Amino acid sequence: MTKKELGKAFEPAEAEKRLYEYWLKNNYFHAQDKSDTPAFSIVIPPPNVTGMLHMGHALNNTLQDIIIRFKRMQGYNTLWMPGTDHAGIATQNVVEQQLLKEGTSRHELGREKFIARVWEWREKYGSVIINQLKRLGCSCDWERERFTMDEGLSHAVREVFVRLYNEGMIYQGDYIVNWCPRCHTAISDLEVEFKSDASFLWNIRYPFADGSGDIVVATTRPETMLGDTAVAVNPLDFRYRDKVGKFVILPLMNKKIPVITDDYVTMDFGSGAVKITPGSDPNDFAMAQRHNLEIITVIDGKGIINKNGGAYKGQDRYEARKNVIADLEKGGYLVGTEPYSHNVGQCYRCKTDIEPMVSKQWFVKIRPLAKQAIAAVIKGKTKIIPKTWEATYFDWMNNIRDWCISRQLWWGHRIPVWYCSDCKKVIVAMVNPDKCTDCGGTSLKQDEDVLDTWFSSALWPFTTLGWPEKTKALKTFYPTSLLITGFDILFFWVARMMMMGIYVMKDVPFKHVYLHALVRDEKGEKMSKSKGNIIDPLLMIDQYGTDAFRFTLAAYTAQGRDVRLSPERIEGYKFFVNKIWNASKLTFSNLEDFDESVSLDSDESLPDKWIKARINKAIEEITLSLDEYRFNDAAAAVYRFIWHELCDWYLELSKPVFYGKVTPEKRKAAQKTLYEVFQKMLGVLHPFMPFVTEELWQFLKGNDKNSIMLSNFPIVNEEWKNDAVEKEMGIIIEIITAIRNIRGEMRIAPSQKLNVLISAADEQSKKMIETDKSYILNLANLESLKVEINAIEPKGVATALAGSIKIFVLLAGIVDISGEKARLEKELSKISKDLEKSSKKLANRDFRDKAAPEIIQKEEEKLKDLQKKFATMEGALKKLKSISG
Ligand SMILES: [Zn+2]
Ligand SMILES: [Zn+2]
């Protein structure tokens, strides 16, 4: 090995930049279109071009990179396909905001110029999120980066639309859609968020046209009555048996509407009679279709009452509500008002109340597609992890409604449909037509709408690989191996990719789907601006380095649970990076004169054999955990091995060997062990901490080797397995730990040498301890160690047990027994007072009711600490009492 020395500490800011450029320069992220080795592929959930790296991205992409690096090291031809999404509404809004500041608008600019502006914006800011992903260490194949609106993908989108249309899977229809009056577009069922609203239920009297009394209907939206076209009751409701078929007069509108029956009406809601407004309610719309009722729209796209609303024309929907109620009251039609809490749908982007509206929209017939997507999961062609999500997936897929794919936006894939104004022919084509295919007329008008953003992202797994061309990449990497995404887009995205993948490619888009949870703060609260608990990933990277940040994310990612994060937790793993760095410095100094070619297995010590057996176990556990996407288990196994086995024990136990206190042969054997184990340690750590491991690996290997990324992921070495050694070393560790604990309890200085007698159960055990005596002497800092079979307990000792082995630590002349007893008694009485105070406080109702949750939690933690302290000290006192008899 070279003699140059490792820097004092790892400098993430400098090293990350240098190493990432090194990887890029050498093309290490690039996958081969064709290769003899098996393929492994992931498509990135494309972040919005407007995106700024937040915790959700950070978690999602860290997990992907861990798996990608792991698989790449395992020898797969590994592709991580990157790209961004054009994000219709989000991007259009950003540019519209810009225009607003300039005192203009998209309408003033016109469609073409506006779209040009959006492209300009995209050129300038569209790669911000990509550069942020690079800081996270993401090893995407950047050469292949795609954009949902790039030329190839736009072509593919059109191809799929035309194909669906030609196969009768796309239709245009009058339909009631969720309309956002603010965003001015239809939004899908999924994009509607429901919020509980404490409002009222208004009971309104509709008189019969023949003067035979009246019928009372209840509604939460009185203003919609202007568009009522019927009153409905349940066919089994005897109260209305002789009213069905009669007409009532719609108050305020003075119009006759029929009383009809429909199973949909529940008898126990209100009076059992409901008003039917097909133009403003999806259920009423469905009923109108069943009964051939008139469909009247009274509220326009901006939420204003239109010409069909009589005297209320021009009023905002909420203003109209007030006026309608007042007029009903004046006319004697309002029977009663009662407080009523119900769910109101809101636009998920702008939180404006949704206005269900009937308009012409394009739809995908979804049931045939859903059926196949359900079957694929049942058959296990695609596996959803954690499995608990499968039930949700099935439930949603079984109740799916046709997918409304048209959006009233300008930024997006324009719908490839033209209308002939001469003969009304509808033309759907791959190439923009210049004349009508039927009448030859040239006055063609293209549909104004664009496609839902999720339409193009539903095609992402194959369009990014070059479809509709039959590319090598498509053949090699489709179906992809794995998708990692948040559970919140299971329906928006995952389900739709399943349906479109099966429809277009005749095969599922991915074999595994791993759904991760949300990142929350350490108390489990959702991160939000208003709560001020948002953690900025880039800030964390600046402060603690990417490696510590990534490791924290992995360590807290347990399946099916939220990831609870705090800067302190990330800082904790920065200490881990420091620990690794310092252990590496020690390692490198021990290896300075190491000669790789020597083979001295026969001179291996117990710790040498032990650490080899232990890294075998670690490799096994880490590999299995990563294979099963148990990121936290994998991270825990890495951590445990490095900190608690390699650093705490092996390096300590081997110090005398490296300092030349034994034979040169033993030293060489230890060097070889350390060299091999250290290299494997870097290997298993690399997917989690790519930067520090690369830095150390290159240092270890000297200048002639390229990258840890090209090394093999460590595998179990059968020859290193050694249960007997693990057991033996386990006992030695137990003995040393027991003596150290006594030191702690008795407040004996670490520098104070001790005399210990060990009582072994039999000759074999005695022999073993005597053989390994030097380790105990060194690490427990002993003056002397005697081992006897069935020794008699001497006077004035502290005792501990390690299995069947008894340990006696002689305390005479070392511990002032009576003084220590007095001190412990004094401490204990103080702690018991504090304990009492704290438990009383927590038992107090007043405190529980009034104090903030974090204060209560703090107090609970304090109580737990006190209890622990009390138990430890009490134990120590008991021991002392037994010594003094
Ligand atoms: Zn909106
Ligand atoms: Zn025509």
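One can find the structure itself at the top, above this paragraph.
Only a predicted model underlies this, so the values are computations on that prediction, with no experimental measurement involved.

## What about the overall build of the protein chain?
Logical step 1: A tally of helices and strands in the protein chain yields 29 helices and 29 strands.
Logical step 2: For the protein chain, the C-alpha radius of gyration of 36 Å lies well beyond 29 Å, the compact-globule estimate for 885 residues.
Logical step 3: With respect to the principal axes defined by its C-alpha atoms, the protein chain has extents near 110 × 70 × 55 Å.
Logical step 4: Within the protein chain, buried positions represent 54% of all 885 residues.
Logical step 5: For the protein chain, contacts bridging at least 24 residues in sequence account for 78% of all contacts bridging at least 6.
Logical step 6: When the accessible surface of the protein chain is totalled, it reaches about 40,800 Å², and 50% of it is carbon and sulfur.
Logical step 7: Computed over 123 positive and 118 negative side-chain charges, the separation of the two mean positions in the protein chain equals 1 Å.

## Observations concerning the sheet that holds strand β20 (residues 444-446)
Logical step 1: Read across the sheet, 3 strands follow the order β19-β18-β20 without closing on themselves; strand pairing throughout is antiparallel. Edge positions in the sheet fall to β19 (426-428) and β20, since each of these pairs with one other strand and no more. Direction aside, neighbouring strands of the sheet carry axes that sit 30° apart on average.
Logical step 2: For strand β18 (residues 417-420) and β20, the ladder comprises 3 bridges, and the chain directions are antiparallel. The residue bridging C420 from the neighbouring strand is L444, located in β20.
Logical step 3: Sheet strands touched by helix α7 (residues 151-166): β18 and β19. Its angle to β19, the strand with the most contacts, is close to 130°.

## What to know about helix α10 (residues 367-378)
Logical step 1: Taking 1.5 Å per residue as the helical rise, α10 with its 12 residues ought to reach 16 Å, and the 16 Å between its terminal C-alpha atoms agrees with that figure.
Logical step 2: Considered for burial, the residues of α10 that qualify are L369, A370, A373, I374, A376 and V377. Buried residues along α10 cover an arc of 160° about the axis, so they all sit on one side. Across α10 from its buried face, at more than 90 degrees, point the exposed residues K371 and I378.
Logical step 3: Close packing links the buried residues of α10 with β14 (355-364), β15 (383-385), α11 (389-398) and α15 (490-505).
Logical step 4: With its phi angle positive at about 80°, G380 sits one or two positions after the end of α10.

## Section: the coordination of the zinc ion (ligand 1)
Logical step 1: Protein coordination at the zinc ion (ligand 1): the donors are C180 (SG), C183 (SG), C347 (SG) and C350 (SG), at 2.2 to 2.4 Å from the metal.
Logical step 2: Between the 4 donor atoms coordinating the zinc ion (ligand 1), the angles at the centre fall across 103 to 113°, so the site counts as tetrahedral.
Logical step 3: Spacing between the donor residues of the zinc ion (ligand 1) along their common chain follows C-x2-C-x163-C-x2-C. The two residues C180 and C183 agree in class, both being buried.

## A short note on the sheet that holds strand β10 (residues 247-250)
Logical step 1: With mixed pairing, the 4 strands of this open sheet are ordered in space as β10-β11-β9-β12. Unpaired on one side and paired on the other, β10 and β12 (273-276) mark the two borders of the sheet. Put simply, the sheet's adjacent strands are angled 35° from each other on average, direction ignored.
Logical step 2: In the sheet, strand β9 (residues 230-233) pairs with β12 via 4 bridges, with the strands oriented antiparallel. Residue pairing for β12: A232 is matched across the bridge by V274.

Here is what the cut-offs are and how they apply
- Residues numbered from 1 in each chain as written.
- Chains lettered and ligands numbered in written order.
- Predicted model: local features only at pLDDT ≥ 70, side-chain atom pairs only at ≥ 80, totals over all residues.
- Heavy atoms only, no water.
- Helix = DSSP H or I, 4+ residues; strand = E, 2+ residues; numbered from the N terminus.
- Rg over C-alpha atoms; globule rule 2.2 N^0.38 Å.
- Buried < 20%, exposed > 50% of the residue type's maximum accessible area, 1.4 Å probe, protein only.
- Contact = heavy atoms within 4.5 Å.
- Areas by Shrake-Rupley, 256 points an atom, 1.4 Å probe, with all protein chains shown as cover.
- Lys, Arg positive; Asp, Glu negative; His and termini not counted.
- Charge placed at Lys NZ, Arg CZ, Asp CG, Glu CD.
- Pairing = 2+ DSSP bridges.
- Axes fitted to C-alpha atoms, helices over the stretch in contact; angles between N-to-C directions.
- Expected span 1.5 Å × (residues − 1).
- Arc of directions from axis to C-beta.
- Donors = N, O, S within 2.8 Å, 3.2 Å for Na, K, Ca; no water.
- Tetrahedral: all angles 85-135°; square planar, octahedral: opposite > 155°, others 65-115°.

Function-wise, these values are silent; they only describe arrangement.
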